Amino acid sequence: MTIQVKFFASLREKLGMDASQIEAREGITIRQIWDQVTSQDYPVNTLCAINMDYAKPDDVVSDGDEVAFFPPVTGG
């Protein structure tokens, strides 16, 4: 199955990529996608989304989904 992966803000700069398309097995989680695409441990405070809806690192991804990773949002 094909998954679109996007990185935003400081994660994009840190990893040196803004997007990737991967082939993944059925039942893969967001955390496992991170591990497959990057060579770094999953950052504790990183937010993630599936198809623009907030998700948890252990949520399962489906064929054709878009997974996004971004740093915590702050405001004031």
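Here the structure is shown first, and the text comes after it.
Source: prediction; values computed, not measured.

Engineer: Lay out helix α2 (residues 30–37) with the relevant residues and their values.
Structural biologist: Those residues of α2 lying buried are I30, I33, W34 and V37. Each buried residue of α2 lies within a common arc of 105° when the element is viewed along its axis, so the set occupies one face. Those residues of α2 that are buried lie in contact with β1 (2–7), α1 (9–15), β2 (19–23), β3 (47–50), β4 (53–55) and β5 (66–70).

Engineer: Let's hear about the pairing of β5: which residues, and what values?
Structural biologist: Taking burial as the measure, the five residues of β5 include four buried ones, the bulk of the element. The pairing of β1 with β5 spans four bridges and is parallel. In the strand pairing of β5, Q4 is matched with E66. Where β3 lies against β5, four bridges are found, and the strand directions are antiparallel. By the bridge assignment for β5, I50 is matched with V67.

Engineer: Residues and numbers for the packing of aromatic side chains, please.
Structural biologist: Within this structure, the stated rule accounts for six aromatic pairs. For the pair F7 and F69, a centre-to-centre distance of 5.6 Å together with 15° between the ring planes defines the contact as stacked. Of this pair, F7 sits in strand β1 while F69 sits in strand β5, and the two are 62 residues apart along the sequence. Relative accessible area serves as the criterion here: at 0%, F69 is assigned to the buried category. Ring-pair connections join several aromatic residues into one group, and the members of that group are F7, W34, Y42 and F69. It is R31 that lies over the ring of Y42; its NZ or CZ is 5.1 Å from the centre.

Engineer: How would you explain the sheet that holds β3 if you had to name every residue and give the values?
Structural biologist: Ordered in space as β2-β1-β5-β3-β4, the five strands form an open sheet in which the pairing is mixed. Looking along the sheet, the strands with just one partner apiece sit at the ends: β2 and β4. Each adjacent strand pair in this sheet contributes to an overall mean axis angle of 30°, direction not counted. Across three bridges, the pairing between β3 and β4 is antiparallel. When the bridges of β4 are listed, C48 appears paired with A55.

Engineer: If you had to explain unusual backbone geometry to someone new, which residues and values would you point to?
Structural biologist: A positive phi is found at N51, a non-glycine position, where the angle reads about 50°. By the secondary structure assignment, N51 is in the loop between β3 and β4. When its relative accessible area of 38% is taken as the criterion, N51 is described as partly exposed. A positive phi angle, near 70°, is found at M52, a position not held by glycine. Following the sequence through the fold, M52 ends up in the loop between β3 and β4.

The rules behind the values
Residues numbered from 1 in each chain as written. Predicted model: local features only at pLDDT ≥ 70, side-chain atom pairs only at ≥ 80, totals over all residues. Heavy atoms only, no water. Buried < 20%, exposed > 50% of the residue type's maximum accessible area, 1.4 Å probe, protein only. Helix = DSSP H or I, 4+ residues; strand = E, 2+ residues; numbered from the N terminus. Arc of directions from axis to C-beta. Contact = heavy atoms within 4.5 Å. Pairing = 2+ DSSP bridges. Phe/Tyr/Trp six-rings, centres within 6.5 Å; stacked < 30°, edge-to-face > 60°. Lys NZ or Arg CZ within 6 Å of the ring centre and 35° of its normal. Axes fitted to C-alpha atoms, helices over the stretch in contact; angles between N-to-C directions.

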